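If you want the building blocks of each chain, they are given just below.
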Amino acid sequence: MRTRFLCTVDIQLTAESPLLLGRSPWRNRRLSPIAGGTIEGERLRGEVMAAGGDWSELGAASDGAAVTLIDVRSLWKTHDGALIHVTYGGRLVIPPEALADFRDPARVEALAEDAYYFRIQPVFETGDERYAWLNALVAVGVGKRTAAGVRYRIFAVE
């Protein structure tokens, strides 16, 4: 098995993100609405529409790490007008020693990519024949938090 680079996606979140729904009897959920973004790659480029968001669930590991279950639904529009529904789950694990920097928008981008674990599994869906190849694609992504949201490097699994 090998991977091939597909694209880089920069997602901007709304200024009020995250909206903390709080701890219910079942989970500790928050919502981070998507404000927009960009997609850059050889075969896939365009914009992330201001639609959808991350309905994440927060938790804590026994070592004090912050753990998050990611649950994103988004809409992408390619440079040539195709609409692509993109959903992904994933995991974000932030060790205790990285938490303060991770939560501070002024310091988060200085954190090394290996200071925390941020992985996703995007699933693409489109009715546009030009991008039908995405419907059969298995992909993985590596995330990095930015001051305005998140950046993913997404790879096709071949």
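Above this text is the structure in question.
Heads up: these notes are all about the structure in this document. (Residues numbered from 1 in each chain as written. Predicted model: local features only at pLDDT ≥ 70, side-chain atom pairs only at ≥ 80, totals over all residues. Heavy atoms only, no water.)

Re the packing of aromatic side chains
How we decide: Note on ring pairs: Phe, Tyr and Trp rings are taken, using the six-membered ring of Trp, and paired if centres are within 6.5 Å. Classes follow the plane angle, with under 30 degrees stacked, over 60 edge-to-face and the rest tilted. Under the scheme used here, helices are H or I runs from DSSP no shorter than 4 residues and strands are E runs no shorter than 2 residues, and both carry numbers assigned from the N terminus. Categorising residues by exposure relies on relative accessible area from a 1.4 Å probe, with only protein chains included: less than 20% of the type maximum marks a residue as buried, more than 50% marks it as exposed, and the intermediate range marks it as partly exposed.
Applying the stated criterion to the full structure yields five aromatic pairs. With a centroid separation of 5.7 Å and 65 degrees between ring planes, the pair formed by W76 and F124 is classed as edge-to-face. Residue W76 is located in strand β5 (residues 66-78), and its partner F124 is located in strand β7 (residues 117-125); the two are separated by 48 residues in the primary sequence. Here W76 matches F124 in class, with each residue buried. Seen from their ring centres, F102 and Y116 are 4.9 Å apart, and the 80 degrees between their planes marks the pair as edge-to-face. Of this pair, F102 sits in helix α1 (residues 99-103) while Y116 is found in the loop between α1 and β7, placing the two residues 14 residues apart along the sequence. Pair check on accessibility: F102 and Y116 agree, each one buried. Among the aromatic residues, ring-to-ring pairing joins Y88, F118 and Y152 into one connected group.

Examining the side chain of T14
Rule in force here: Counting of polar contacts relies on pairs of N or O atoms within 3.5 Å, with two restrictions inside protein: one atom must be capable of donating a hydrogen and the other of accepting it, and residues adjacent in sequence are counted only when both atoms are side-chain atoms.
Tracing the sequence through the fold places T14 in the loop between β1 (3-13) and β2 (19-23). Within polar-contact distance, the side chain of T14 engages the side chain of S17 at 2.9 Å.

Quick look at the pairing of strand β4 (residues 46-60)
The following threshold applies: Paired strands are those between which DSSP finds at least two bridges.
Sheet analysis places strand β3 (residues 28-40) next to β4, joined by eight bridges and oriented antiparallel. Within the sheet, the bridge partner assigned to T38 lies in β4 and is E47. Count of turn residues in the β3/β4 antiparallel hairpin: five residues. Pairing geometry for β4 and β5, over 10 bridges, is antiparallel. Note that in β5 the partner of L58 across the bridge is T68. With antiparallel pairing between neighbouring strands as the criterion, β4 and β5 make up a hairpin whose turn holds five residues, including G64 at a positive phi of roughly 95 degrees.

Points about the pairing of β3
Relative to β3, β1 runs antiparallel, the two sharing six bridges. Across the sheet, the residue bridging to I11 is G37, located in β3. Where β2 lies against β3, four bridges are found, and the strand directions are antiparallel. What sits directly across from L20, in β3, is R30. In this structure, the hairpin formed by β2 and β3 is closed by a connection of four residues.

Considerations on the side chain of S32
The condition that has to hold: In this description, contact between two residues means that some pair of their heavy atoms is separated by no more than 4.5 Å.
Of note, S32 is situated in strand β3. Every residue in contact with S32, bar those within four places of it in the chain, is listed here: L13, S17, P18, G53 and D54.

Description of the pattern of salt bridges
To keep it simple, the criterion reads: Each reported salt bridge corresponds to a side-chain nitrogen of Lys or Arg within 4 Å of a carboxyl oxygen of Asp or Glu.
Under the definition given, this model contains 11 salt bridges. Among the salt bridges present, the one from R4 reaches E158, with a minimum N-O distance of 2.4 Å. Here the residue R4 occupies a position in strand β1, and E158 occupies one in the segment after β9 (149-157), the gap between them amounting to 154 residues. Under the relative-accessibility criterion, E158 is labelled partly exposed at 40%. With its nearest N and O atoms 3.2 Å apart, the salt bridge here joins R27 to E57. Taken together, the positions of R27 in the loop between β2 and β3 and E57 in strand β4 put the pair 30 residues apart, joining distant regions of the chain. Each of R2, R4 and E158 takes part in a single network of salt bridges with overlapping partners.

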